[in-house]
Amino acid sequence: MTSPPADCYRLGRTIHEVFRARARANPRHTALIHRAERVDYGELDARSDQLAAELVGRGVGPGRTVPVLLPRSPLLVAVLLAVLKTGAAYAAFDPAWPRERVARLVRKLGARLVVTEPGTDVGEGVTVWSPGLRADWSGEPIFDEVGGDDAACVFFTSGSTGEPKGALSPHAGTVRLFVDCPFAELGSTTVMPQAAPLPWDGMTLELWAPLLNGGTAVLADQPYLTPPLLRDLVAEHGVDTVWLTASIFNMAIEEDPDCFAGLRQVLIGGERLSVKHVAAFLSAHPGIRLVNGYGPVESTVFVTTHRIRGDDVADSAGIPVGRAVPRTELFVLDGERVCAPGELGEICVAGDGLALRYVADPATTAEQFGYTTLNSLPTRIYRTGDCGLLTADGTLYVHGRMDRQVKIHGHRVEPAEVESALMALTGVARAVVEPRRNAYGAAVGLVGFYTAQQGLTPERLRAGLLDRLPPYLVPAQLREVEQFPYTPSGKIDHAALLAQLPAAAHPVPDRPTPAPGDDVRAHVTAVFADLLGIAAPPADTSFFALGGGSLDAGRACIRLGERLSRPVPLSAFMSAPTVDGLVAVLSAEVSVAAEVAEDPEQVEPGGIRLTPLQEAFWTVQNLRPADLSGHCHMLWWIDGPLETKTLRVALGDVHGRHESLRARYVLDAEPVAILTDPHPEPEFHLLPDDPDPTQVENAVLRLLDRPLDLAAGLIWRAVLQRCGADGRWLLGIVVHHVAFDGRSERLLADELSRAYRARLAGNPPRFEAPAPGLYQTAAEFDDQLATADLPAQAAFWRSRLAAVSPIDLPVEPSPRTGRDRMTSCGFALDGTAWQALTAVARAAGTTVITPALAAWAETLRDATGQSDFGIGIPVDKRSTTAMTRAVGCFVGMSCVPAAGLLSGSLDKAASTMREVLAAQDVPLVDVVRMTGRGSAQLYQTILALQHGGPLALTLSDCTTAHRRPSPPEPLCDVLVELWPTADGTAGGVDVELTTDAARIPDWLGPTLAESFRAGLLRLASG
């Protein structure tokens, strides 16, 4: 059966040709959204051109396959486009894959170059290239002339030999689906999230469907679309189209059927659909297009699609998978014979979507792909192994697999691959892996049966498998058997084997639901029992060891949140996935109040409680009204025809957008923020021209250094002055730390730029989504605290900080006068050293902040002879996507004991950092109270890794240069800041040490800086 013809190649026969046509037609339209970053089509096209030129210079071109091992980000998408523009094909790897698997697949692809982060181990004899973008690049675009039949990408599937199969897909496979798409409404207004695993063909659907139609792809950081995430994406970014596997779709219908509100169309498939769940969706959302899609990766995403309607759920044959997509032919064969309509047989596919071959596997290619005579013509087909039938009108119904292969949560799984990995572990004699099915017959997990030497525990086997396989291939249950059952013919008796499973694998009868007033344990136990099918789940056994999967964990969080009337984050569940562990986490909110924080008194309506660090800044400002330690400064020199009135209006736009900037911070039983209504304009000063640049800077800084009045709502001010000698402007902005942090700098600069450009064009600014309000952000902070294991964290701080003493720096007390009371010095590390330091950190399983802290601790030890001091570090508290859009103070402070950094082992330092960050939910003010020490006794120095790249202010027809002034007053004796010189992995880092000139002698800063530089280089060299 052949699909209807379609003029799907009018924009080009390759993915990058179609994308470039869209980019040239509408270059300023948003192509990608990732967190707070937005990338338009023109920018993405230019980025990929630059990267393509770099790849060509490294020998990449037609006929090559380039593995790409990068996290989901705009850089990843630019790299994929760049590879295609060279004429090569990409193979997107999952960054979570074990290194052994990565190296094995790189060898299988015959790749000579891998695009990945620096320091990644991809095997011997392979070049690692870490991409970076240069602002000054002006080369010619690279655009190799390949065709639709040439290779575009590799999809990996589970292989029966124990080795993943790589299906090499042509450009035409993707283009045929998404240009002139007949099964979904795709266009410039389409906004679609990309959350599917990167090596999977679902990624192609979620990424190229919007980008080949001029729409927007939203890159999600979570492993799949949960109902809360789906709600957020619809509200924040206008997502209107989603792809869900049947398992995730079913979970959403069961747990939160209203989460689909706001969508135009939902594509589902990957597994057999549940009529019950589809019927519930159609009833709840009759206006949303629901499309079923079917197809193996060997034919690029979809072979057939079907618009599901009410009649389909009443069809006794089940829900059809539909008719063939464009340029695709569909057959049901019995051997070489074409089956009659309605006759069951093997589903076979032909057409433009077929994979070219399996990579480095000619035998399997010959077995799965071949030629047969159809309609008197030799036709290349792929035999899917699925059993199905075609009706007389060409509609396809699928009736299961003809072999053992199953799909679990959208991943195609070959149990034989898992069996091979299991039997490769030392001590395992024999292994059989079976799919575990739910009440609807769908495979939801794996069970591994094995015979082994005495003492080989499931925990040891699971650890061994995680070193060899991605998590979705590791069985949730591993069960040792004395011997395997056999059928009379001598084959494994699979039914008898599954019958040995305990009641945990089978549904249980309904039982009473605990009332809302029952204790937490009753609710947790009930949710575990319902999801696992266990009448009495063991309290000390992992949810996952009992057969639960990651989707089941998402269901558990949603159900517990409803029962307990408060959110239960997935991270909290994953940190303690037993009944006992989760009960302890969820009970912490009520059991630790007396230990860690006193219950706050009620505040008047309209008062919003401050976070602990906000309260600390507020307290200092109220005790010392002239204090400037909470001032955050930004300066830009501006060249060009700046419109001062427009700038002032744009400042007002930003002011009105963020509640933190237009609130009053006052005392009312406790420090609170109260919104002003109507809100005042931000304070703005336009100073007279001055011909002396030095005097201009001094004048601007003097005004910025005037105290801010938190109680009156004077949270920030802007000062503008022109240097008459050359016509340049200096713009200075100061914001009080009570409403500001490092991430807020970039957000404020970006929104001020957008507002200025819009106002200059005579339009009000259009921001992507509303900024969350103070009530929302305060509630999110409360949610974090509510789910933390605060008693254990409090015990950690009491034990680890007991021996911390103030560091004995040489001080020279003197009166503070003038603006020169803070002095700065520093140095730069080039990109090679910085990337080497990052690689050293990654090898120790940590981030680059850990070796930086270790080097700084060594510097202070050498300077003072002490090893019992502490180092303060800021900790980012922006835990939700919404919070990344809000200007505010969303950080905390923690203290790292130097003793854990000075062992000489980076692994020990990394362990110390993990312990500190695991205990970060206890606010510093409570740590101070518990330890009986002032914060100045816990640490006198702070080390901060700041957000990289220049702080850009983009004003129409103007060029700007950012300058960071020295702080007006110290937060500590020595502040160390590391400023990466470019976003991503390119560039090095600028290191700045700021000291209190009233206390620290002039010679100490440069001495410490030189010692610190030597320590960083020593660690970078290994």
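Just so we're clear, the structure is a prediction, and the values are computed from it rather than from any experiment.

Criteria and cut-off values
Residues numbered from 1 in each chain as written. Predicted model: local features only at pLDDT ≥ 70, side-chain atom pairs only at ≥ 80, totals over all residues. Heavy atoms only, no water. Core = buried A, V, L, I, M, F, W, Y, C linked by side-chain atoms within 4.5 Å. Buried < 20%, exposed > 50% of the residue type's maximum accessible area, 1.4 Å probe, protein only. Helix = DSSP H or I, 4+ residues; strand = E, 2+ residues; numbered from the N terminus. Phe/Tyr/Trp six-rings, centres within 6.5 Å; stacked < 30°, edge-to-face > 60°. Lys, Arg positive; Asp, Glu negative; His and termini not counted. Salt bridge = Lys/Arg side-chain N within 4 Å of Asp/Glu carboxyl O. Polar contact = N/O pair within 3.5 Å; in protein donor to acceptor, adjacent residues only side chain to side chain. Pairing = 2+ DSSP bridges. Contact = heavy atoms within 4.5 Å. Axes fitted to C-alpha atoms, helices over the stretch in contact; angles between N-to-C directions.

Caption draft 1: Representation of the nonpolar core within the structure. By size, the foremost hydrophobic cluster in this structure holds 104 residues, and its most contacted members are Tyr665, Leu731, Ile733, Trp856, Leu943 and Phe1012. If you tally residues by element for this core, the top one is helix α26 (residues 849-864), at seven residues.

Caption draft 2: Summary view of the packing of aromatic side chains. The tally for this structure, following the rule as stated, stands at 15 aromatic pairs. Arranged with centres 5.9 Å apart and planes meeting at 80°, the rings of tryptophan 97 and phenylalanine 156 form a pair that is edge-to-face. Note that tryptophan 97 is positioned in the loop between β4 (89-92) and α4 (99-109) and phenylalanine 156 in strand β7 (residues 151-157), a separation of 59 residues in sequence. Residue classification places tryptophan 97 among the buried positions, given a relative accessible area of 4%. Between tryptophan 243 and phenylalanine 302, the aromatic rings sit 5.9 Å apart at their centres with planes inclined by 70°, giving edge-to-face as the arrangement. Remark: phenylalanine 302 occurs in the loop between β13 (289-294) and β14 (304-307) and tryptophan 243 occurs in strand β11 (residues 241-245); sequence separation between them is 59 residues.

Caption draft 3: Quick look at the side chain of arginine 72. Within the secondary structure, arginine 72 is located in the loop between β3 (65-69) and α3 (74-85). Here arginine 72 sits buried without a salt bridge, and the closest side chain of opposite charge, glutamate 206, lies 5.5 Å off (N-O distance). Reaching out from arginine 72, the side chain makes a polar contact with the side chain of glutamine 194 at a distance of 2.6 Å. Polar contacts involving the side chain of arginine 72 include one to the main-chain carbonyl oxygen of alanine 220, which spans 2.9 Å.

Caption draft 4: Molecular detail of the sheet that holds strand β12 (residues 265-269). Reading across from one edge, β11-β12-β13-β14-β15 is the order of the five strands in this open sheet, with mixed pairing throughout. Edge positions in the open sheet fall to β11 and β15 (323-324), since each of these has one partner strand only. The pairing of β13 with β14 spans four bridges and is classified as antiparallel. Looking at the pairing, valine 291 lines up with arginine 307 of β14. Lying on the sheet, helix α8 (residues 246-255) is in contact with β11, β12 and β13; it crosses β11 at an angle near 105°.

Caption draft 5: Fine view of the pattern of salt bridges. Counted by the stated rule, this structure contains 32 salt bridges. Arginine 20 serves as the salt-bridge partner of aspartate 45, at 3.4 Å between the closest nitrogen and oxygen. Separated by 25 residues along the polypeptide, aspartate 45 in helix α2 (residues 41-57) and arginine 20 in helix α1 (residues 15-25) bring together distant segments of the chain. Here aspartate 45 and arginine 20 have matching classes, each one buried. Of the charged contacts, one joins arginine 289 and glutamate 185 as a salt bridge, the two residues approaching to 3.1 Å between their closest N and O atoms. Note that arginine 289 is positioned in strand β13 and glutamate 185 in the loop between α5 (171-178) and β9 (191-194), a separation of 104 residues in sequence.

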